[in-house]
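If you want the building blocks of each chain, they are given just below.
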Amino acid sequence: MAASPSVTPVAAVVPVLSSSGDFSNLREIKKQLLLIAGLTRERGLLHSSKWSAELAFSLPALPLSELQPPPPITEEDAQDMDAYTLAKAYFDVKEYDRAAHFLHGCNSKKAYFLYMYSRYLSGEKKKDDETVDSLGPLEKGQVKNEALRELRVELSKKHQARELDGFGLYLYGVVLRKLDLVKEAIDVFVEATHVLPLHWGAWLELCNLITDKEMLKFLSLPETWMKEFFLAHIYTELQLIEEALQKYQNLIDVGFSKSSYIVSQIAVAYHNIRDIDKALSIFNELRKQDPYRIENMDTFSNLLYVRSMKSELSYLAHNLCEIDKYRVETCCVIGNYYSLRSQHEKAALYFQRALKLNPRYLGAWTLMGHEYMEMKNTSAAIQAYRHAIEVNKRDYRAWYGLGQTYEILKMPFYCLYYYRRAHQLRPNDSRMLVALGECYEKLNQLVEAKKCYWRAYAVGDVEKMALVKLAKLHEQLTESEQAAQCYIKYIQDIYSCGEIVEHLEESTAFRYLAQYYFKCKLWDEASTCAQKCCAFNDTREEGKALLRQILQLRNQGETPSTEMPAPFFLPASLSANNTPTRRVSPLNLSSVTP
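Residues numbered from 1 in each chain as written. Predicted model: local features only at pLDDT ≥ 70, side-chain atom pairs only at ≥ 80, totals over all residues. Heavy atoms only, no water.

As annotated in an unreviewed UniProt entry, the chain is Cell division cycle protein 23 homolog from Catagonus wagneri. Per UniProt, the comment on the chain under Pathway (unreviewed entry) is "Protein modification; protein ubiquitination." Looking at the Sequence similarities (unreviewed entry) heading of the UniProt record, one finds this comment for the chain: "Belongs to the APC8/CDC23 family." (UniProt positions renumbered as here; feature names shortened; annotations may be inferred.)

Given below as structure tokens:
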């Protein structure tokens, strides 16, 4: 990207490695990270600066002789130095309008960026102040950043004149994204990564706009080592966890093993595929390595919540309170703690507090939706989930939550639409498929329901309910042999994983099988199942009655059948060899939209 002749462009002082994924020279990478950490800090891009500094810290220290001098100061930089220094001081204490006032008319790239960025943040702050007053279901566009349109006009002129550096392009992309001009924003962010590949903020913004892997393929990205970090991150966001973990493992192997960012991302990836033990183990190691870290601790608390680890969650909440009581993540952790104790009003209060601190924090909106669901406040839950989707359309939990809410409201067509969106985002999550199956069943689309239940079993049924629901569906359709096979496989799965199941479905399975084998005159198998029925309160009497009938028929000389339609504990059609692959694409279901 060309710059005005009298200004040394930022890109010129930021060296770039040319080959993709070339990590052979870690010292050069460290120099680049230290340089970009300084450049982003000077422009108030603190999160990008922190990311670069953390990554640089994970690499071996450089000797004094190899430390780089600061970038050269241009004539324009020197002229704007006093105004920039004063404005940066105001910027740092969040006096954005004041900072912009003193930067007006500055010509240097650095001062111009801070001027435009101050105006943008001023508008965002005013918008947030209006938004958090109610935390209600504000419709999209009802509260706006009034500065966006002016910023777009000014930055657009600079862009057409090719006067924007990498940071200017980044800000232009952010403004376009905020105005919902997604296609234009993507093009500008891609341009920003070419001009300044080391700026993590531009890569991260690009991540938020990519909706699927196909979209990713068509992007023309620079061949630089930063692309590897970007791909690992976007694979995690797109739920392509195997690819993400492989990328992160490669990064660890080339020398970033001490990076707390990579370790936390790996933990998040395992959390996304519900490998709870592995994720907990990594988070515990991360806490030892970086005990005052707050990022991703809300995800850690989600895992502790799922495992009902009250004492550990209590300790985490108290610990984070001591570190920083008014961080979004801390509020979410405390909210999870109260939710686990079934104090849902208090939990919702803390999630609201998190959103007052950051109205765009995705996790808090979703968790607040869950709490409202627990309190049976469906309208508030819908509002919260819709906010979550507005922040990130890839949040499957919000789509799934909306589906559950409309299910409670007995609106199956809406419910189906939201479950399908959740399934598209998580094609290998059995919970989405079971929910879809139940929905289709209510709409009497039984063929589609059977597809869903079967696929839920195929991808690894988390709640072990898909086969039972499929069996009941076959039972309803008087397909007795298929129903029996499903129940047999269900019992096989329950016993093979060694779980002690206390719910009704095991007794339901044995009762059906006992009756099925009895009808088939297979006395031994029917007797075995009837005996099992006697172990459950709800089927004990039926089991005893069936055993008496079998004994009576045997005494009368009734011969057992020699034909066995479905062998006990080894169903033909559901054997392990015939189990479909666990990695599947979303189902091609008939489209039903509200």
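Past the structure itself, the notes keep going.
S.K.: Help me understand the confidence of the model for the chain, please; the structure alone is not making it clear to me.
M.R.: In low-pLDDT segments, the atomic positions of the prediction should not be examined closely. Per-residue pLDDT for the chain averages 83, and the proportion of residues at 70 or more is 87%. Low pLDDT, under 50, characterises residues 566–594; the predicted model gives this stretch 76 contacts beyond four residues in sequence or across chains. (pLDDT = per-residue confidence, 0-100. Contact = heavy atoms within 4.5 Å.)

S.K.: What exactly am I supposed to notice about the UniProt feature "repeat: TPR" (unreviewed entry) in the chain here?
M.R.: Residues given the UniProt feature "repeat: TPR" (unreviewed entry) here are residues 328–361 and 362–395. Between the C-alpha atoms that bound residues 328–361 there is a distance of 8 Å. The span itself is 79% helix and 0% strand. End C-alpha atoms of residues 362–395 are separated by 8 Å, and the span's content is 79% helix alongside 0% strand. (Helix = DSSP H or I, 4+ residues; strand = E, 2+ residues; numbered from the N terminus.)

S.K.: Whenever I open this one, the packing of aromatic side chains confuses me. Can you help?
M.R.: Any aromatic ring pair is given by two values, namely how distant the centres are and how the planes are angled relative to each other. Scanning all chains against the criterion turns up 28 aromatic pairs. Geometrically, the ring pair formed by W51 and Y261 is edge-to-face, given 5.7 Å between the ring centres and 80° between the ring planes. Of this pair, W51 sits in helix α2 (residues 46–57) while Y261 sits in helix α13 (residues 260–272), and the two are 210 residues apart along the sequence. Residue classification places Y261 among the buried positions, given a relative accessible area of 9%. With a centroid separation of 5.2 Å and an interplanar angle of 40°, the aromatic rings of Y487 and Y512 are classed as tilted. Here Y487, found in helix α26 (residues 480–496), pairs with Y512, found in helix α27 (residues 504–519); they are 25 residues apart in sequence, far enough to count as distant. Grouping aromatic residues by their ring pairs yields a cluster made of W51, W200, W225, F229, F256 and Y261. Above the ring of Y84, the side-chain terminus of K110 is found at 4.6 Å from the ring centroid. (Phe/Tyr/Trp six-rings, centres within 6.5 Å; stacked < 30°, edge-to-face > 60°. Buried < 20%, exposed > 50% of the residue type's maximum accessible area, 1.4 Å probe, protein only. Lys NZ or Arg CZ within 6 Å of the ring centre and 35° of its normal.)

S.K.: What should I look at first to understand the environment of F256 in this one?
M.R.: Summarising the element assignment, F256 is placed in helix α12 (residues 241–256). The spacing of F256 and L59 is 197 residues in sequence and 6.6 Å in space, taken between C-alpha atoms. Not counting residues up to four positions away in its chain, the partners in contact with F256 are F23, L26, I29, L55, S58, L59, F229, L251 and I262.

S.K.: Please explain the nonpolar core as it appears in this structure.
M.R.: Side chains of nonpolar character tend, in soluble globular proteins, to be buried together. Counting 188 residues, the largest nonpolar core has Y120, L206, F229, F230 and I234 as the members making the most contacts within it. Considering every element that reaches this core, the biggest residue donor is helix α5 (residues 109–131), with 9 residues. With residues up to four places along the chain from it excluded, the contact list for I234 reads C207, I210, L216 and R394. (Core = buried A, V, L, I, M, F, W, Y, C linked by side-chain atoms within 4.5 Å.)

S.K.: Any chance you could explain the pattern of salt bridges here in plain terms?
M.R.: Side chains that differ in charge, positive against negative, can pair when their charged atoms come close. Per the stated rule, a full pass over the model turns up 30 salt bridges. In this structure, E42 engages K110 in a salt bridge whose closest nitrogen and oxygen atoms are separated by 3.6 Å. Taken together, the residues E42 in helix α1 (residues 26–42) and K110 in helix α5 connect sequence positions 68 residues apart. Of the residues examined, E42 reaches a relative accessible area of 28% and is grouped as partly exposed. The exposure class assigned to K110 is buried, which follows from its relative accessible area of 16%. Of the charged contacts in the structure, one is a salt bridge between R394 and E237, with a shortest N-O distance of 3.0 Å. One end of the pair, R394, is in the loop between α20 (378–391) and α21 (396–408); the other, E237, is in helix α11 (residues 226–237), and 157 residues separate them in sequence. Under the relative-accessibility criterion, R394 is labelled buried at 8%. Residues joined in a network through salt bridges with shared partners are E124, K127, K178 and R360. (Salt bridge = Lys/Arg side-chain N within 4 Å of Asp/Glu carboxyl O.)

S.K.: Explain α26 here, please?
M.R.: Every α-helical turn comprises 3.6 residues, leaving residues that sit three or four positions apart pointing alike. Between its terminal C-alpha atoms α26 stretches 24 Å, which fits the 24 Å expected from 17 residues at 1.5 Å a residue. Taken as a whole, α26 has its buried residues at A483, A484, Q485, C486, Y487, I488, K489, Y490, I491, D493 and I494. (Expected span 1.5 Å × (residues − 1).)

S.K.: Help me understand the side chain of H474 in this model?
M.R.: Relative to the elements of secondary structure, H474 occurs in helix α25 (residues 466–476). Once residues lying within four places of it in the same chain are set aside, the contact partners of H474 are K450, E479, Q482, A483 and C486.

S.K.: Please explain α25 as it appears in this structure.
M.R.: Regarding α25, the residues found buried are A466, L467, V468, L470, A471, L473 and H474. Positive phi shows up at T478, right after α25, with a value of about 55°.

S.K.: Would you explain a nonpolar patch on the surface in this entry?
M.R.: Taken together, L34, L64 and L67 make up a surface patch of nonpolar side chains, about 310 Å² in accessible area. Its location among the elements puts L67 in the loop between α2 and α3 (75–92). For L67, a relative accessible area of 43% corresponds to the partly exposed category. (Patch = residues over 30% accessible without salt bridge, like charges linked within 9 Å, V, L, I, M, F, W, Y side chains within 5 Å. Areas by Shrake-Rupley, 256 points an atom, 1.4 Å probe, with all protein chains shown as cover.)

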